[in-house]
Amino acid sequence: MLSRRNLLASMLLSGIPAFASEVKDWDVIVVGTGVAGLAAACSALEAGAGNVLILEKSPVVGGHSILSTGYVAAVDKPRQQRAGIEDSPSLMLQNMLEVGGYLNDVELAKIVCENSEDTVYWLEKMGVKWDGNIYQTVAGLHPRSHITNFVRAGYDYVMALLSSAKRMGAKLALNTKALDLIEKDERVIGIRVQNLDGSITDLFAKAVILATGGFTANVELRSKFDPRLGSEFPTTANPNRKSFDGATGDGLIMAQKLGAATKDAEFLQLIPFWGARLLDYVGADIYVNNQGFRFVNEAASWRDVSNAILEQDKREMWAITDSQSKKGASLGVKLMNGTVKKASTIKEMAKAMGVPIQNLEETIRSYNKFSAEGMDPIFGKKVFTQQINQPPFYFGKEKLAVHFCCGGIKLNKNAEVVKLDGSIIPGLYVCGEASGGPHGHDRLGGVALTSAFVFGRIAGRNAVTM
Ligand SMILES: Cc1cc2nc3c(=O)[nH]c(=O)nc-3n(C[C@H](O)[C@H](O)[C@H](O)COP(=O)(O)OP(=O)(O)OC[C@H]3O[C@@H](n4cnc5c(N)ncnc54)[C@H](O)[C@@H]3O)c2cc1C
């Protein structure tokens, strides 16, 4: 693993280092240092690339990947069997298609599922250490998610892959923004970049991999694809609008200039993200509206949950749990800053929320009955890990933020970029949230990372061997 000092040293490189333009023809240039780009770089080096350059426009590595909660959905027979869980790539595929509204490119979704188990073991080889448990994430539909820990899992993946890529010889240029693809005879032969001082450099390569992430932070672009998503919605990567969010669709814009098609780019995922949800697993909390009533199956896909929230008064909801649930490390901060509050009784909680006491008491009473019976006949919830009956109760208001691009640049099974006329752009590959195909209109919980790892590896390998 990279030591913190080495990491800091690599972060301090300002703009494109001299070596980048000294190499006349890179084997592979990867744009983006999220998990897709880093997996691609590692895979290209494993496949025999002599030199690989990774570009990152920001002064630090990691993109959305480093911020992610870190659930990775994968079939993993040994661990799942130890936990008494039956699973298979075909069940995972069925879950992806169900959540994706059957709009997924089935061939690509199948590749994600069939390669998920091997990817878990490959990540271990790259230095990732799972906590050993299997979780069912929110919108995950089945217990198959892996994580390293609940504090900094995204950081763990980025650092493990960055460290492996560097060990195998990859070069990294921070503060270096890819501006445009360079094409000759209808083949991508390099990329034009802007350095920190504003100067422009042309870099040449046998293959370029776009791993630039999504476009959730580009209000103009996202509202072209979904006009509902104006500037009133922050992103989950930058909920307070105070930090940098590099998900501006640069790869999509560059690829479209060369005639690239998009797939499912009109489907952006919204999730409640004001901070009041304390749990990243299902079965231990409920969502209620300003009248104190439940309005959705809390274990449903994000698309169903967010569409239901958009129909509630003020497009907001309350998340409620109790003392028994497993809460994240941020609980203390959230209690201090008032995002989450505590109450000893349901009456006290209802008063603080400003919802009718009787409604909330009845909602929780009937929910606990459903939980005891294992079935919610109103919204169809089937996953219950507890009742909500052990004070103190924890509650807070939630609103929606833009979370994930379910689609993007259309890719094929080789991670090549597909044009509007169905042909491919030779020399150009895409992976991760910049790409569109596997997910359809929504994504299964934990599968964004899986898909980024799987197609990152495919892109890296094919950039060298095809
Ligand atoms: C808060 C949060 C929690 C999440 N939790 C989960 C989870 O638990 N499980 C899951 O499966 N998914 C999760 N996701 C989604 C998942 O993290 C992302 O889909 C995934 O990390 C995207 O990886 P990526 O490598 O494609 O893009 P990113 O990680 O976003 O990396 C793209 C990189 O490209 C750089 N870049 C962009 N344009 C340029 C340019 N022109 N030149 C140079 N560099 C450029 C960006 O700065 C960025 O560093 C979460 C997302 C968020 C925001």
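Just so you know, these numbers come straight off a predicted model, no measurement behind them.

About the thresholds
Residues numbered from 1 in each chain as written. Predicted model: local features only at pLDDT ≥ 70, side-chain atom pairs only at ≥ 80, totals over all residues. Heavy atoms only, no water. Domains from an automatic or database assignment. Contact = heavy atoms within 4.5 Å. Buried area = accessible area lost by both parts, 1.4 Å probe. Polar contact = N/O pair within 3.5 Å; in protein donor to acceptor, adjacent residues only side chain to side chain. UniProt positions renumbered as here; feature names shortened; annotations may be inferred. Helix = DSSP H or I, 4+ residues; strand = E, 2+ residues; numbered from the N terminus. Near = heavy atom within 4 Å. Axes fitted to C-alpha atoms, helices over the stretch in contact; angles between N-to-C directions. Parallel < 35°, antiparallel > 145°, perpendicular 65-115°, else oblique. Left-handed = near helix turned anticlockwise from the far one by under 90°. Nonpolar A, V, L, I, M, F, W, Y, C, P; charged D, E, K, R; others polar. Salt bridge = Lys/Arg side-chain N within 4 Å of Asp/Glu carboxyl O. Buried < 20%, exposed > 50% of the residue type's maximum accessible area, 1.4 Å probe, protein only. Phe/Tyr/Trp six-rings, centres within 6.5 Å; stacked < 30°, edge-to-face > 60°. Pairing = 2+ DSSP bridges.

A. Layout of the domain arrangement of the chain. Along its sequence, the chain is carved into domain 1 (1-214 + 249-267 + 406-466) and domain 2 (273-401). If you average the C-alpha positions of domain 1 and of domain 2, the two centres end up 34 Å apart. In this complex, domain 1 contributes 13 residues to the contact, which on the side of domain 2 involves 13 residues. Summing both sides of the interface, domain 1 and domain 2 together bury roughly 1,100 Å²; the carbon and sulfur share of this comes to 60%. The tally of links from domain 1 across to domain 2 stands at 3 residue pairs in polar contact (both at pLDDT 80 or more).

B. Highlighting the UniProt feature "domain: FAD-dependent oxidoreductase 2 FAD-binding" (unreviewed entry) in the chain. Residues annotated by UniProt as "domain: FAD-dependent oxidoreductase 2 FAD-binding" (unreviewed entry) correspond here to residues 27-449. Overall, residues 27-449 shows 29% helix and 21% strand. The separation of its end C-alpha atoms is 26 Å.

C. View of the site of the ligand. Close to the ligand lie 37 residues, the nearest being Glu56, Ser65, Asp250, Glu433 and Leu449. Between the ligand and His64 there is a distance of 3.0 Å, counted from an oxygen atom to a backbone nitrogen or oxygen. Leu449 is positioned with one of its backbone polar atoms (N or O) 2.8 Å from an oxygen atom of the ligand.

D. Inspection of the packing of helix H3 (residues 35-46) against helix H7 (residues 153-167) at higher detail. Two numbers describe how H3 lies on H7: the axes approach to 9 Å, and their chain directions differ by 30 degrees. By the angle between their directions, the pair H3 and H7 is classed as roughly parallel. Once H3 is placed against H7, the crossing between them reads as left-handed. Every residue of H7 that contacts H3 at Val35, Leu38, Ala39, Ala41, Cys42 and Leu45 is listed here: Tyr157, Val158, Leu161, Leu162, Ser164 and Ala165. In the contact of H3 with H7, the residues fall into 11 nonpolar, 1 polar and no charged.

E. A look at the pattern of salt bridges. Scanning the model with the defined rule gives 20 salt bridges in all. One salt bridge connects Lys257 with Asp180, and the closest N-O pair in it is separated by 3.0 Å. With Lys257 in helix H9 (residues 250-257) and Asp180 in strand E6 (residues 177-184), the pair connects residues that are 77 residues apart, well separated along the chain. Among the residues examined, Lys257 registers a relative accessible area of 54% and is labelled exposed. Exposure remark for Asp180: the relative accessible area of 27% places this residue in the partly exposed category. Among the ionic pairs, Arg228 bridges to Asp226, the shortest N-O distance being 3.1 Å.

F. Molecular detail of the environment of Glu22. Within the fold, Glu22 resides in helix H2 (residues 18-22). Between the C-alpha atoms of Glu22 and Gly70, which are 48 residues apart in sequence, the distance is 37 Å.

G. View of the packing of helix H5 (residues 89-99) against helix H6 (residues 106-125). At a minimum axis distance of 9 Å, the contact between H5 and H6 shows a crossing angle of 135 degrees. Overall, the two elements H5 and H6 adopt an arrangement that is oblique. Crossing hand, H5 versus H6: right-handed. Contact with H5, carried on its side by Pro89, Met92, Leu93, Met96 and Leu97, involves Val106, Ala109, Lys110, Val112, Cys113, Glu114 and Ser116 of H6 and no other residues of that element. In the contact of H5 with H6, the residues fall into 9 nonpolar, 1 polar and 2 charged.

H. Up close: the environment of Ala178. With respect to the secondary-structure elements, Ala178 resides in strand E6. For Ala178 and Glu56, which are 122 residues apart along the polypeptide, the C-alpha to C-alpha distance reads 8.1 Å. Ignoring sequence-local partners within four residues, the contact set of Ala178 consists of Val31, Ile191, Arg192, Val193 and Met254.

I. Region of the structure containing the packing of aromatic side chains. Counting across every chain of the model gives 7 aromatic pairs. Consider the rings of Tyr157 and Phe453, whose centres lie 5.9 Å apart with planes at 85 degrees: the pair is edge-to-face. Of the two residues, Tyr157 is situated in helix H7 and Phe453 in helix H14 (residues 447-465); the sequence distance between them amounts to 296 residues. Of the residues examined, Phe453 reaches a relative accessible area of 0% and is grouped as buried.

J. Just the sheet that holds strand E9 (residues 262-263), in detail. Pairing in this open sheet of 3 strands is mixed, and the strands run E9-E15-E18 from one edge to the other. Both edges of this open sheet fall to E9 and strand E18 (435-436), since each of them pairs with a single strand only. In this sheet, strand E15 (residues 408-410) lies alongside E9 in antiparallel orientation, the contact comprising 2 bridges. For Thr262, the partnering residue across the bridge sits in E15 and is Ile409. The strands that H9 touches are E9 and E15; relative to E15, the one it contacts most, it runs at about 35 degrees.

K. Just the pairing of strand E10 (residues 268-272), in detail. Most of E10 is tucked away, with 5 of its 5 residues classed as buried. Side chains Leu268, Leu270 and Pro272 project from E10 onto one buried face, and the interleaved Gln269 and Ile271 project onto a second face that is buried too.

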